[in-house]
Amino acid sequence: MPKVSEEHRRRRRARIVAAAMECFSRTGIQGTPVTDIIEASGMSAGTVYAHFPGGKDDLAVAAAVDTVRALSERILRGDFSDPVETVDALIDEWARHRPLLAMIMALWAEATVRPELARVLAEHVGRAHGTVRERLTEWCVAAGGDPEDAARWASGMTDVVRTVLSGTLPRIAIWRSTVDIACLLYTSDAADERSSVD
């Protein structure tokens, strides 16, 4: 039997995590049976459990790491030449990237009852927090600020950015869901009206 390459294993693992994220963002972590993830991944149960022996717990942690990594990559893409515009752009981008937004909401909810997930999220969110702080410090120093003062200011502003994003993302998720429901109801009513005319 040919040996499976590390790249092949990495691709299979990524496919399983993507399937888990898709399922979790649709039905939450608690509401997603592992069988749904297995089906969505197109892999066998044996393959999924070979990569994630802890089942849904391991998949939730992997999804958390990938989600926070995606957030960090979006932060790093910001040029921070204008911090306000950069944060606005991040919020706009996250609002457009609905699966990621749904995944964030599912992870925050689940972390309240899964200590390992809470630990992993805290560690990776801490890294993202550090990235924002570094970028704001660089911006402040480039604008002529003293490096020590810039670091203190950036630390405080990073807390403000985190607070704004923490409050904004749930509102975006609720707003987007409300709009989806309203559009669905409208199109359903319009279809009913058309069929009654026929």
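The sections below set out a description of the structure shown in this document. The structure presented is a predicted model; accordingly, all values stated were derived computationally and were not measured.

### Let's talk about the overall build of the protein
- From N to C terminus, the protein includes eight helices and zero strands.
- Counting the 198 residues in the protein, one finds 38% classified as buried.
- Here the analysis covers contacts within the protein between residues at least 6 apart in sequence; of these, 67% occur between residues at least 24 apart.
- Accessible surface, the protein: about 11,700 Å² in total, of which carbon and sulfur atoms supply 58%.

### A short note on the pattern of salt bridges
- On inspection of all chains with the given rule, the structure shows ten salt bridges.
- Between Glu7 and Arg11 there is a salt bridge; the shortest N-O distance is 3.6 Å. In this pair, Glu7 and Arg11 are both assigned in helix H1 (residues 6-27), four residues apart and thus about one turn of the helix distant.
- Owing to a relative accessible area of 37%, Glu7 belongs among the partly exposed residues under this scheme.
- Between Arg152 and Asp149 there is a salt bridge, with the nearest N and O atoms lying 2.4 Å from each other.

### Describing the environment of Ala60
- Note that Ala60 resides in helix H4 (residues 56-77).
- Taking the relative accessible area as the measure of exposure, Ala60 reaches 0% and is therefore buried.
- Each C-alpha atom, one on Ala60 and one on Met21, is 8.2 Å from the other, the two residues being 39 residues apart in sequence.
- When sequence neighbours within four positions are dropped, the list of residues in contact with Ala60 reads Phe24, Ile29, Leu107 and Leu117.

Definitions and cut-offs
- Residues numbered from 1 in each chain as written.
- Predicted model: local features only at pLDDT ≥ 70, side-chain atom pairs only at ≥ 80, totals over all residues.
- Heavy atoms only, no water.
- Helix = DSSP H or I, 4+ residues; strand = E, 2+ residues; numbered from the N terminus.
- Buried < 20%, exposed > 50% of the residue type's maximum accessible area, 1.4 Å probe, protein only.
- Contact = heavy atoms within 4.5 Å.
- Areas by Shrake-Rupley, 256 points an atom, 1.4 Å probe, with all protein chains shown as cover.
- Salt bridge = Lys/Arg side-chain N within 4 Å of Asp/Glu carboxyl O.

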